[in-house]
Amino acid sequence: MKIIGGNFGVKGSAFISRDKKLVIEGAQKAIYSPQQVLSVSANVTKEKKFGILGFIVGAIVLSIILGLLLNVLGVVIALVIAVAGSFYSEKTNIVEVKFNDNKSVSLESTPRGVKKLVQFAPT
């Protein structure tokens, strides 16, 4: 899991060790047991982006094909399809972990990592 904020800096990583401890290796290093975790909260951020390379390739290919079939109208339709097809979304899992020593860390994680962190914290 990648550190993206908190008391341990904005660079580094965190993982759950074999002996069931949360190891944080950022600007500071720390090791926490499940009893030292106060809370774990997770959320997903979604970011919509535009792929310029996909737009250019799609516009060229579709303009040639549809331009031969429908002339100028085909090129216009090809550009509209290329624009619509070039948007994509990117999901990021963010986990905020708070500890009993008033420190916290924000982590970017996979869905599997989120599940492990939620199970790591005591209920």
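Coordinates for the structure precede this section.
Cut-offs and rules
All residue numbers refer to positions counted from 1 along the written sequence of the respective chain. Side-chain atom pairs in this predicted model are given and counted only at pLDDT of 80 or more, local residue features only at pLDDT of at least 70, and totals for whole chains, interfaces and linings cover all residues. With hydrogens and water set aside, each side-chain value is computed from the structure's full complement of heavy atoms. Secondary structure elements are taken from DSSP: a helix is a run of H or I of four residues or more, a strand is a run of E of two residues or more, and numbering for both begins at the N terminus. Working rule for helices: expected span equals 1.5 Å times residues minus one. Fitting axes to the seven residues that end at a residue and to the seven that start at it, the angle between those axes gives the bend at that residue. For every residue, the accessible area (1.4 Å probe, protein chains only) is compared with the maximum for its type, and the residue is labelled buried under 20%, exposed over 50%, or partly exposed between those bounds. Whether two residues are in contact is decided by their heavy atoms: any pair within 4.5 Å suffices. By definition here, a salt bridge exists when the distance from a side-chain nitrogen of Lys or Arg to a carboxyl oxygen of Asp or Glu is within 4 Å. For Phe, Tyr and Trp, where Trp contributes only its six-membered ring, two rings pair if their centres lie within 6.5 Å, and the inter-plane angle classes them as stacked under 30 degrees, edge-to-face over 60, or tilted in between. Criterion for a charge above a ring: Lys NZ or Arg CZ within 6 Å of the ring centre, and within 35 degrees of the ring normal.

S.K.: Can you help me understand helix α1 (residues 52-85) in this one?
M.R.: An α-helical turn contains 3.6 residues, so a residue and the one three or four places further along point in the same direction. Along its 34 residues, α1 runs just 11 Å from first to last C-alpha, ending more than 12% under the 50 Å computed at 1.5 Å per residue. Largest kink in α1: about 150°, centred on L70. Burial in α1 covers these residues: F55, G58, A59, S63, L66, G67, G74, A78 and A82. Packed against the buried residues of α1 are β5 (37-50).

S.K.: Is there a simple way to think about the pattern of salt bridges in this case?
M.R.: Charged atoms that come close allow side chains of opposite charge to pair. On inspection of all chains with the given rule, the structure shows 2 salt bridges. A salt bridge links E25 to K29; its shortest N-O distance comes to 3.7 Å. Given the relative accessible area of 32%, E25 is considered partly exposed. For K29, a relative accessible area of 60% gives the class exposed. A salt bridge links E90 to K49; its shortest N-O distance comes to 3.5 Å. A residue pair is termed long-range when its members are at least 10 positions apart, and E90 in strand β6 (residues 87-99) and K49 in strand β5 qualify at 41 residues. Residue classification places E90 among the partly exposed residues on the basis of a relative accessible area of 35%. Classification of K49 as partly exposed rests on a relative accessible area of 25%.

S.K.: How should the packing of aromatic side chains be read in this particular structure?
M.R.: The geometry of an aromatic ring pair comes down to the distance between the two centres and the angle between the two planes. Scanning the entire structure with this criterion turns up 5 aromatic pairs. Clustering of aromatic rings is evident, with ring pairs tying together F8, Y32 and F99. The positively charged end of K48 is found above the aromatic ring belonging to F87, 5.6 Å away from the centroid.

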